[in-house]
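Listed here are the chains, written in short residue letters.
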Amino acid sequence: MTTWLINLGGLLLMALIVWWFWLSGRGPAKRAGDAPLDIVVDNGVYEPSVIQARAGQPLTLRFLRRDPSPCAEQVIFHELGVSEFLDTGKATTVTLTPQRPGEYRFTCQMQMYQGTLIVND
Amino acid sequence: MNEQTLPIQGATCQGCARKIRTALLAVPGVSGAEVDLEQQTVTVSGNADGDALREALLESGYGVEALSSSPSPEESVPECHIEAPGPPSQDSGDHHHGGAAGHGGISPGSGEEHLLAITGATCASCVRTIESALSGVTGVRDASMNLADRTARVAGDADTQALIEAVKAAGYGASVIEDEQLADQQRDDQEQAHYRELIRHTVIGLAVGIPLMAWGLAGGTMMVTAGTASQWGWLAVGLVTLGVLAWSGRHFFIGAWKAGRHHNANMDTLIALGTGAAWAYSMVVVLFPDWLPEAARHVYFEASAMIIGLINLGQALEMRARGKTSEAVRRLLDLGARTARVIRDGEERDIPVESVQAGDLLRVRPGEKIAVDGEVEEGESRLDESMLTGEPMPVSKGPGDTVAAGTVNDSGTLIYRATRVGRDTALAQIIALVKKAQGAKPPIGRLADRISAVFVPTILLIAVASALAWYNLGPDPRIVHMMVAATTVLIIACPCALGLATPMSVMVGVGKAAEAGILIRQGEALQTAGDLDTIVLDKTGTITEGHPAVTGVHTIDGESEATLLTLAASLETGSEHPLARAILATAEERGLRTEAVTDFQAHNGKGVSARLNGALLRLGNRRWLDREGVAGGLQEQAEALGRDGATPLFLARDQQLLGVIGVADPIKQDSRAAIQRLHDLGLTVVMITGDVRTSAEAIARQAGVDKVLAEVLPEDKAREVKRLQGEGRKVAMVGDGINDAPALAQADVGFAIGTGTDVAIESAAITLMGGSLHGVADAMAISRATVRNIKQNLFGAFAYNTLGVPVAAGILYPFTGWLLSPVIAGAAMSLSSVTVVTNANRLRLFRPRGASRGNEETRGES
């Protein structure tokens with residue numbers, strides 16, 4: 001009986017991990033308008049970490065890095081060829097104009113900080 | 001219509017008077033305003049409300065406050081500080097939006113100091129206007145302007161954009177000065193502080209962990225027996241360990257929690273779960289020993305504390321090592337001058353380089369740095385540009401020549417006019433470019449990226465799975481083995497090593513390239529440059545100097561070279577033809593004086609003729625002179641010149657041949673050696689040119705290329721590159737970046753040979769700042785070294801994880817009985833990322849020309 005419970009518990013835990021990190025989506029997206037959007041870089045997360053933008057519209061993001069560890073020092077927009085070094089305690093403005101709709105990841109150079117830029121038509 | 005006279009203060013020039021008039025005329029009812037600068041009064045005509053006028057004056061910055069105690073003279077001193085009249089800083093969160101809940105808004109630069117460059121301020125009273133305008137901005141604590149520097153220093157929690165708007169509204173211009181060096185200093189300080197914090201955490205973790213471990217190793221019991229003193233003792237140890245987790249491991253737990261809420265998992269998740277599980281299990285053992293079989297009543301507090309200590313130590317070491325990877329950028333930043341000696345209103349003064357404006361005249365003395373990009377107005381000197389171009393030889397500069405910020409003046413004094421300042425200078429652009437390229441990902445890193453993205457959740461799954469495996473298959477005490485295996489898997493897995501493998505090497509490689517005068521614009525090029533097998537070199541300006549010069553002079557017996565050149569130069573005076581310019585330049589170089597000629601005639605495709613002192617001079621090709629009946633001779637010498645790729649020009653006086661001058665676009669001094677290096681790297685070297693075959697082949701022979709594509713029209717160059725690619729070759733194209741832009745874009749890697757400090761070559765993936773072809777070979781060598789380094793890192797990181805995780809899960813146990821201790825896992829994990837960074841740092845020692853043979857010319861140390 002206990003054997004079954006523990007095995008079931010373990011499998012449920014694994015299912016939970018898969019569901020939570022891969023299947024359950026990313027939570028609500030923050031829509032970027034004309035004004036710059038502020039993103040706080042602290043404690044291993046971008047806040048907000050999911051950003052929505054329109055294709056062909058210039059997008060201004062202001063990153064404020066609070067985490068002094070070197071992991072946070074760079075933000076890279078993969079596939080968009082944009083990268084920027086962030087200074088601690090200061091806002092760093094990143095301006096980009098995504099042309100094609102799609103999902104673009106932005107991360108620190110080690111990919112511990114992760115965010116998604118969703119570009120709609 | 002009546003008149004009112006109002007007191008003003010601080011108005012000292014006509015500019016202020018104009019501002020006051022404008023301010024007052026805007027008040028309803030005002031028809032005129034006369035400013036008396038001497039009396040410091042203004043007389044207003046019209047039917048305007050006195051209070052409205054006084055207010056307008058105050059707003060313009062020249063008013064006298066009626067209620068304030070009599071204005072002390074100090075108050076109008078330009079540099080005086082004015083208290084902010086604005087309301088105490090409001091919640092700046094109102095101005096911004098989007099900050100996450102709990103964080104409020106971002107207030108960039110809270111408590112910071114902003115430095116603004118002010119334009120249009122000409123007199124002391126403008127200072128007052130500007131200062132009060134700035135003080136009126138929400139959040140400003142203090143604003144002071146320095147007229148000499150034309151800078152304004154603003155302290156307080158204000159938005160820079162608002163500050164600029166305020167100055168603009170007052171009728172002046174402003175821009176933010178970003179002091180890169182100061183920022184760098186602050187960055188250093190912050191890094192130092194963070195480093196010390198990590199070390200503190202290390203000490204705390206190890207101070208608790210090591211004695212506990214020593215106790216265990218020395219045979220002390222790690223078991224808990226219910227109801228004895230050991231239970232209380234271990235409870236105390238458990239609480240101390242909790243303190244370590246909460247203090248030194250705080251950032252791991254917070255990070256893990258935050259990331260988890262965002263459906264993310266990162267390194268913090270692994271460490272928090274690993275150390276947390278060990279601690280929680282041990283606490284259960286201490287509090288409820290009866291729940292567990294006797295053999296399983298073992299505590300693992302020492303593991304939690306040790307792991308926290310070791311991982312903090314690893315991060316500290318990694319940080320130290322990382323600092324070195326950005327050394328190249330730091331060195332570039334250090335090239336910039338801090339102050340500049342500007343000549344304004346006939347006076348010279350040293351001002352911060354940030355406040356130099358385009359159009360300023362600057363003086364640079366021997367040994368000093370050029371502060372901004374500019375054009376020489378006066379003086380002759382030599383500049384050491386090696387830091388930008390990688391070329392070791394100083395370059396002569398005189399009036400009209402351009403100078404670049406960051407280069408060092410060698411001997412003379414120069415006065416130059418600033419053309420590009422701030423972030424527009426070549427140096428600033430280079431730094432921006434290098435920083436951008438350092439963030440680039442070459443394709444080789446993509447696999448690691450994909451793995452990194454799913455790494456941590458996968459490890460979590462493996463940890464649970466291995467725990468279950470131990471439960472179902474393992475020996476007793478099963479619960480202990482489950483806990484140890486899961487914890488060890490969580491701790492040993494290192495996403496950092498994997499994530500750092502590529503970026504660290506790229507940082508160092510790109511920096512290394514920049515030091516050699518090679519700017520990499522596209523991250524992919526860093527990888528592709530090492531895989532090339534064919535290189536197409538444009539002839540003019542790439543292999544050759546790009547401007548024709550006299551390469552040989554032969555005379556008939558009895559005539560001197562000087563006479564020949566003097567006559568030829570006199571003939572060609574005023575001609576714009578490149579061949580003519582080459583002859584004139586040579587004559588000038590040798591100090592020959594030309595004489596005035598008459599009846600100058602250009603014979604298209606043949607040559608030129610003119611009369612000098614009655615004699616008819618002709619300079620042109622042999623065929624034309626033959627037809628004109630000029631006597632023959634010097635045939636052999638002319639053919640020799642032709643073989644070397646020069647155009648022979650014959651000079652005749654009347655019907656008498658005087659000599660022949662060879663004019664050619666000579667190959668650069670080091671082209672041959674550089675091409676030899678490309679051969680040594682195993683490349684096929686192709687020369688492409690629009691020249692006729694014979695002269696192209698002459699140059700090709702001198703340069704030592706394998707293949708010549710002659711008589712190619714500029715627009716066909718890209719097609720030739722494509723044709724070579726069609727043969728399955730990896731082709732690089734090297735050109736000046738202007739005429740051959742399509743070919744550069746078509747090539748797998750486009751190299752633009754820059755002219756000194758011109759960095760704005762968009763068409764090429766790689767810009768060579770120096771004019772030498774050695775840059776191509778250097779770039780390839782650096783590319784290969786970097787890719788090799790990345791491969792080592794990736795291999796190391798992959799191998800570490802693919803071996804470490806199964807061993808931690810206990811895969812060796814059935815065969816050898818080994819089960820890894822979580823503490824060893826913590827140490828291994830810390831070391832793995834330090835190793836990657838250290839290996840990347842090894843690249844710093846790489847010398848692109850170190851291995852190549854026969855380098856006559858040596859390059860500076862830098």
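From a predicted model like this one, the values you see are computed outputs, not experimental measurements.

1. Overview of the overall build of chain B
Regarding its fold elements, chain B presents 28 helices and 30 strands. In terms of overall size, chain B is more extended than a compact globule, its C-alpha atoms giving a radius of gyration of 38 Å where 862 residues would be expected to give roughly 29 Å. Considering only C-alpha atoms, chain B reaches an extent of 130 × 95 × 40 Å along its principal axes. Counting across all 862 residues of chain B, residues that qualify as buried make up 52%.

2. Comments concerning the nonpolar core
Ranked by size, the top nonpolar core spans 167 residues in total, and within it Phe63(A), Phe77(A), Leu117(A), Phe751(B) and Ile766(B) carry the most contacts. Ranked by residue count, the leading element in this core is helix α26 (residues 774–809) of chain B, at 14 residues. Beyond its immediate sequence surroundings of up to four residues, Phe77(A) is in contact with Leu61(A), Phe63(A), Val82(A), Val94(A), Leu96(A), Arg105(A), Phe106(A) and Leu117(A). Core analysis: the next-biggest nonpolar cluster, separate from the first, contains 41 residues, Val30(B), Leu134(B), Leu163(B) and Tyr172(B) among them.

3. Notes on the interface of chain A and chain B
On the chain B side, the residues contacting the 55 residues of chain A number 54 residues. Between chain A and chain B, a total of about 4,900 Å² is buried, with carbon and sulfur atoms accounting for 59% of that surface. The largest contributions to the chain A side of the interface with chain B come from Phe21(A), Met110(A) and Met112(A), which together make up 13% of the buried area. When the shortest N-O distance is used, the salt bridge between Arg322(B) and Glu73(A) registers 3.7 Å. For the pair chain A and chain B, the number of links is eight residue pairs in polar contact (both at pLDDT 80 or more). Residue assignment for the side of chain A that touches chain B shows that the elements contributing at least two residues are α1 (2–23), β2 (37–42), β3 (45–47), β5 (59–65), β6 (74–77) and β7 (82–85) of chain A.

4. Considerations on the pattern of salt bridges
Residues and elements named next belong to chain B. This model, assessed by the stated rule, comprises 30 salt bridges over all chains. Where Glu 327 meets Arg 331, a salt bridge forms, and the shortest distance between an N and an O atom there is 3.3 Å. Residue Glu 327 and its partner Arg 331 are both found in helix α10 (residues 327–335); the two are separated by four residues, about one turn of the helix. Of the charged contacts in the structure, one is a salt bridge between Glu 348 and Arg 341, with a shortest N-O distance of 3.2 Å. By relative accessible area, which is 31% here, Glu 348 ends up partly exposed. Within the structure, one salt-bridge network assembled from shared partners comprises Glu 327, Arg 331, Lys 512, Glu 515 and Arg 844.

5. Digging into the sheet that holds strand β25 (residues 656–664) of chain B
Residues and elements named next belong to chain B. Taken in spatial order, the six strands of this open sheet run β20-β25-β24-β23-β22-β21, and their pairing is antiparallel. Edge positions in the sheet fall to β20 (549–555) and β21 (598–603), since each of these pairs with one other strand and no more. Between one strand and the next, the sheet's axes are offset by a mean angle of 15°, whatever the strand orientation. Summarising the sheet, strand β23 (residues 615–620) and strand β24 (residues 647–653) pair through four bridges and their orientation is antiparallel. Within the sheet, the bridge partner assigned to Gly 620 lies in β24 and is Phe 650.

6. Focus: the pairing of strand β19 (residues 534–538) of chain B
All names here are of chain B. Extensive coverage of β19 is indicated by the burial of five of its five residues. Summarising the sheet, β19 and strand β26 (residues 684–688) pair through five bridges and their orientation is parallel. Bridge pairing in β26 links Thr 534 to Thr 684.

7. Comments concerning the packing of aromatic side chains
Within the structure shown, the criterion is met by 11 aromatic pairs over all chains. Residues Tyr46(A) and Phe106(A) carry aromatic rings whose centres are separated by 5.1 Å and whose planes lie at 40° to one another, so their mutual orientation is tilted. You can see Tyr46(A) sitting in strand β3 and its partner Phe106(A) sitting in strand β9 (residues 102–107), a full 60 residues away along the chain. The exposure class of Tyr46(A) is buried, given its relative accessible area of 1%. Ring plane angle 75° and centroid distance 6.3 Å describe the contact between Phe63(A) and Phe77(A), whose orientation is recorded as edge-to-face. Within this pair, whereas Phe63(A) is found in strand β5, its partner Phe77(A) is found in strand β6, the two being separated by 14 residues in sequence. Note on Phe63(A): relative accessible area 0%, which makes it buried. Taking the ring centre of Tyr471(B) as reference, the NZ or CZ of Arg478(B) above it sits at 4.6 Å.

8. Description of the UniProt feature "transmembrane region" (unreviewed entry) in chain A
When the UniProt feature table is mapped onto this chain, "transmembrane region" (unreviewed entry) is found at residues 6–23 of chain A. Between the C-alpha atoms that bound residues 6–23 of chain A the distance is 24 Å, and the span itself is 100% helix and 0% strand.

9. Remarks on the confidence of the model for chain B
Residues and elements named next belong to chain B. Per-residue pLDDT for chain B has a mean of 82; in total, 91% of the residues score no lower than 70. Contacts for the low-pLDDT stretch residues 66–110, under 50 throughout, to residues beyond four places or in other chains number 74 contacts. Segment residues 851–862: pLDDT under 50, and 20 contacts once partners within four positions in sequence are set aside and those in other chains are kept. Two summary scores accompany this predicted model of the complex, namely pTM at 0.76 and ipTM at 0.88.

10. Looking at the side chain of Thr92(A)
Residues and elements named next belong to chain A. The topology assignment puts Thr 92 in strand β8 (residues 91–96). According to the relative accessible area criterion, Thr 92 is buried, its value standing at 12%. Ignoring any residue separated from it by four or fewer positions in sequence, one finds Thr 92 in contact with Leu 61, Arg 62, Phe 63, Glu 84, Phe 85, Leu 86 and Asp 87.

11. Description of a nonpolar patch on the surface
On the surface, Leu13(A), Leu16(A), Trp19(A), Trp22(A), Leu23(A) and Val454(B) cluster together into a nonpolar patch covering about 590 Å² of accessible area. Broken down by element, the nonpolar patch gets its largest block of residues, five residues, from α1(A). Mapping Trp19(A) onto the fold places it in helix α1.

12. Remarks on helix α15 (residues 495–515) of chain B
Residues and elements named next belong to chain B. Here α15 contains 21 residues, and its C-alpha end-to-end distance of 31 Å stays within 8% of the 30 Å for a straight helix at 1.5 Å per residue. In the structure, α15 departs most strongly from a straight axis at Ala 501, where the bend amounts to approximately 40° and where the proline Pro 503 lies between one and four residues downstream. Here α15 lies mainly inside the structure; 20 of its 21 residues are buried. Positive backbone phi, at 80°, marks Gly 517, one or two positions downstream of α15.

Procedures and definitions
Residues numbered from 1 in each chain as written. Chains lettered and ligands numbered in written order. Predicted model: local features only at pLDDT ≥ 70, side-chain atom pairs only at ≥ 80, totals over all residues. Heavy atoms only, no water. Helix = DSSP H or I, 4+ residues; strand = E, 2+ residues; numbered from the N terminus. Rg over C-alpha atoms; globule rule 2.2 N^0.38 Å. Buried < 20%, exposed > 50% of the residue type's maximum accessible area, 1.4 Å probe, protein only. Core = buried A, V, L, I, M, F, W, Y, C linked by side-chain atoms within 4.5 Å. Contact = heavy atoms within 4.5 Å. Buried area = accessible area lost by both parts, 1.4 Å probe. Salt bridge = Lys/Arg side-chain N within 4 Å of Asp/Glu carboxyl O. Polar contact = N/O pair within 3.5 Å; in protein donor to acceptor, adjacent residues only side chain to side chain. Pairing = 2+ DSSP bridges. Axes fitted to C-alpha atoms, helices over the stretch in contact; angles between N-to-C directions. Phe/Tyr/Trp six-rings, centres within 6.5 Å; stacked < 30°, edge-to-face > 60°. Lys NZ or Arg CZ within 6 Å of the ring centre and 35° of its normal. UniProt positions renumbered as here; feature names shortened; annotations may be inferred. pLDDT = per-residue confidence, 0-100. Patch = residues over 30% accessible without salt bridge, like charges linked within 9 Å, V, L, I, M, F, W, Y side chains within 5 Å. Areas by Shrake-Rupley, 256 points an atom, 1.4 Å probe, with all protein chains shown as cover. Expected span 1.5 Å × (residues − 1). Bend = angle between axes of the 7 residues up to and from the residue.

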